[in-house]
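Each chain is listed here by its residues.
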Amino acid sequence: MNGDFKGVINFNKVNKWFGEFQVLRDIDLSIQKGECIVLCGPSGSGKSTLIRCINRLETHDQGLIEIQGVLLAPGKTFPNNLLGKIGMVFQDFNLFPHMTVLNNLTLAPIRNLKLAREEAEQIALTYLERVHIRDQANKYPDQLSGGQQQRVAIARALCMKPEILLFDEPTSSLDPEMIREVLDVISELTEDGITMVCVTHEMGFARKVSDRVIFMDHGEIVEVAKPSDFFDRPNQERTKTFLNNILHYEPSS
Amino acid sequence: MSCLFRYLSIKRFLSSWLIPVVIIGLLTFLVSRGAENINYQWQWYRVGEFLIQFDKGEWFAGPLLKGLLITLKISLLSLLLTLVLSLSTAILRLSSSIVGRGLARGYLELIRNTPLLIQLYLMYFVFGPILGWDKMTTAIISLSLFQAAYTSEIFRAGLRAFNRGQIEAGLSLGLSRTDNYRYIILPQVFRQMLPPLTNEAVSLIKNSSIVSVIAIFDLTTQGRNIIAKTFLTFEVWLMVAAIYLIITLTLSLIASMVERRKVFMK
């Protein structure tokens, strides 16, 4: 990972500050097409900021980021042709509460991809089927459980046919019994060849599903490793401490 | 329709309508007693013709009804213009452009800190003639400029309190800024802002009576003219007040029904 851009997402010496506070420190990172990356670390370690720099909800202050061959200088937002190509699933779902599930899914394809309504609805129903809630298409988000809402949010992102999908703690506001159904859906997506970056503390998911695990602390990337190495033979002292803490608190099921 | 029935159920009727009805009854009693004491001759039988007249087999709108239509027309057009102006002002004030923020702020302070009557006179005697506006246009623009200044603050509050996550979701789906406003932000902000917006609409309708000073034949002017001819001061002013009350209460009722429907929808 030394700055030559060979992945679909590349970070080269990226720095970012919130006022005086440095949230990202010299981030070098290259993510290959189709990879599933899990990003973990204590809160405030900069992992959310990092993925928000990928879809430009945040801009960086120094260094270069390259996404799908598009070079992004500091402060630059997205060029229009990349808008919608990078999907994001949020911790709080962020479904549009005033629209039915179906309309949540068809809005962006109709407005951005200029699809006809019938076609957009066909695609939407296909993806609702994939996340196993086709029968909820005409309900409003508030009528669904948290797990169902998050699956709708995933389907909504998929409707834009993204090549990169970002997850920002997708299971953190869910009740424990609903976490599994959401993680199952995300796991199934790895077969599609979508590049995925997932911020999560679900270590079971990281071990089984991800290709690489990245551990961040204080805005730095501390360790990048295959899951088996990461969990069984972590290199860094900070990684060990973090894993001890987090595994200690994992509910025993 | 079931929603309407629920709204007008007996229990609700008693709790929310009984008290006002009692108060109005009491007031009526006191006014009529007081009028008797000063030997006022009530002639309620004459007021019907001010509303509607029957002549040669045909019905005609009386002066009050004609005035009401003018009042409704002014209020409706001003309301639409108010919404556009206030929303633009609010968006400008929240924008990153210094010029935009300055313009919006200047407009707001100018309007908020001068009397509506003076604004109307300025428009009618100074800007209207320069720009070639007729009385109706002058009235609508004055009322809208005035009301929009206040309404923009409501929109600004609503937009500022709006959940940022919703906007981020829209952006990450590739919606343009305009689409984000049109499909995500405004529909939700409007619903949230419905009660204060109703207030603004009610106050706009009431404020519209001020156009009587520039000789527009609205409800208030018609009332005054009838009194000048007939000296039925008590009856006509009471009736004019009642008509305003009916319009504004109807508006509030519709608004609260829409708001209740929202709850079912969600």
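Our structure is the block above this text.
Note that the coordinates shown come from a computational prediction; the quantities given were computed from them, not determined experimentally.

Procedures and definitions
Residues numbered from 1 in each chain as written. Chains lettered and ligands numbered in written order. Predicted model: local features only at pLDDT ≥ 70, side-chain atom pairs only at ≥ 80, totals over all residues. Heavy atoms only, no water. Helix = DSSP H or I, 4+ residues; strand = E, 2+ residues; numbered from the N terminus. Buried < 20%, exposed > 50% of the residue type's maximum accessible area, 1.4 Å probe, protein only. Contact = heavy atoms within 4.5 Å. Salt bridge = Lys/Arg side-chain N within 4 Å of Asp/Glu carboxyl O. Bend = angle between axes of the 7 residues up to and from the residue. Pairing = 2+ DSSP bridges. Axes fitted to C-alpha atoms, helices over the stretch in contact; angles between N-to-C directions. Phe/Tyr/Trp six-rings, centres within 6.5 Å; stacked < 30°, edge-to-face > 60°.

S.K.: I would appreciate a short explanation of the overall build of chain B in the present structure.
M.R.: Counting its regular elements, chain B contains twelve helices and two strands. In chain B, the order of α-helices and β-strands from amino to carboxyl end is α-α-α-β-β-α-α-α-α-α-α-α-α-α. Over its C-alpha atoms, taken along the principal directions, chain B stretches across nearly 70 × 55 × 40 Å. Counting the 266 residues in chain B, one finds 38% classified as buried. For chain B, the proportion of contacts with a sequence separation of at least 24, taken over those separated by at least 6, is 72%.

S.K.: In this structure, what is going on with the pattern of salt bridges? I would like to understand it.
M.R.: When their charged atoms lie close together, side chains carrying opposite charge are able to pair. Residue and element names in this part refer to chain B. If you walk through the whole model with that rule in mind, you get 21 salt bridges over all chains. Note that R105 and E109 form a salt bridge whose closest N and O atoms lie 3.2 Å from each other. One end of the pair, R105, and the other, E109, are both in helix α5 (residues 98-112), four residues apart, so they sit about a helical turn from each other. The class for R105 is partly exposed, based on a relative accessible area of 42%. Given the relative accessible area of 24%, E109 is considered partly exposed. Among the salt bridges present, the one from E168 reaches R164, with a minimum N-O distance of 3.7 Å.

S.K.: I would appreciate a short explanation of helix α9 (residues 177-192) of chain B in the present structure.
M.R.: Side chains three or four residues apart in an α-helix point the same way, a direct result of the helix having 3.6 residues per turn. Along α9 of chain B, the sharpest kink reaches roughly 45°, centred on I185 of chain B and followed within four residues by the proline P187 of chain B. Within α9 of chain B, burial applies to D179, N180, Y183, I184, I185, L186, Q188 and V189 of chain B. In this fold, the buried residues of α9 of chain B make contact with α2 (101-111) of chain A together with α4 (63-94), α7 (135-160) and α8 (164-172) of chain B.

S.K.: What is the right way to look at the sheet that holds strand β3 (residues 36-40) of chain A in this model?
M.R.: Strand pairs in the sheet, formed through backbone hydrogen bonds, run parallel or antiparallel to each other. All names here are of chain A. Strand order in this open sheet of six strands is β6-β7-β8-β3-β9-β10, and the pairing throughout is mixed. Here the strands that pair on one side only, and so sit at the sheet edges, are β6 (86-89) and β10 (220-225). Pairwise comparison of adjacent strand axes, ignoring direction, gives a mean angle of 20° for this sheet. Bridge count for β3 against strand β8 (residues 195-199) is four bridges, and the pairing is parallel. Bridge pairing in β8 places V38 opposite C198.

S.K.: Can you help me understand the sheet that holds strand β2 (residues 21-31) of chain A in this one?
M.R.: Residue and element names in this part refer to chain A. Pairing in this open sheet of four strands is antiparallel, and the strands run β2-β1-β4-β5 from one edge to the other. On the outer flanks of this sheet lie β2 and β5 (70-72), each paired with one strand and no other. For this sheet, the mean angle separating the axes of adjacent strands, direction not counted, is 25°. In the sheet, strand β4 (residues 62-67) pairs with β5 via three bridges, with the strands oriented antiparallel. When the sheet's bridge partners are listed, E66 is paired in β5 with L71. Here helix α1 (residues 47-54) sits on the sheet in contact with β1 (9-18), β2 and β4, set at roughly 120° to β1.

S.K.: In this structure, what is going on with the pairing of strand β9 (residues 212-217) of chain A? I would like to understand it.
M.R.: Each regular strand shows side chains that alternate between the opposite faces of the sheet. All names here are of chain A. The element β9 is extensively covered by neighbouring structure, given that six of its six residues are classed as buried. Where burial is concerned, the two faces of β9 agree: the one with R212, I214 and M216 and the one with V213, F215 and D217 are both buried. Here four bridges tie β3 to β9, and the two strands are oriented parallel to one another. Its bridge partner being in β9, L39 is matched across the sheet by I214. Bridge analysis of β9 against β10 gives five bridges, and the strand direction is antiparallel. Bridge pairing in β10 links F215 to E223.

S.K.: Please explain the packing of aromatic side chains as it appears in this structure.
M.R.: Given two aromatic rings, one states the distance between the centres and the angle between the planes to describe the pair. Inspection of the entire model under this criterion finds ten aromatic pairs over all chains. Site record: aromatic cluster; members linked through ring pairs are Y40, W42, W44 and F234 of chain B.

S.K.: Got a minute to help me understand unusual backbone geometry in this structure?
M.R.: For residues other than glycine, phi is negative in most cases, and the peptide bonds are mostly trans. All names here are of chain A. Positive phi, normally seen in glycine, also occurs at H132, with a value near 65°. Classification of H132 by relative accessible area gives partly exposed; the value is 48%. One non-glycine residue with positive phi stands out, namely K161, at about 50°.

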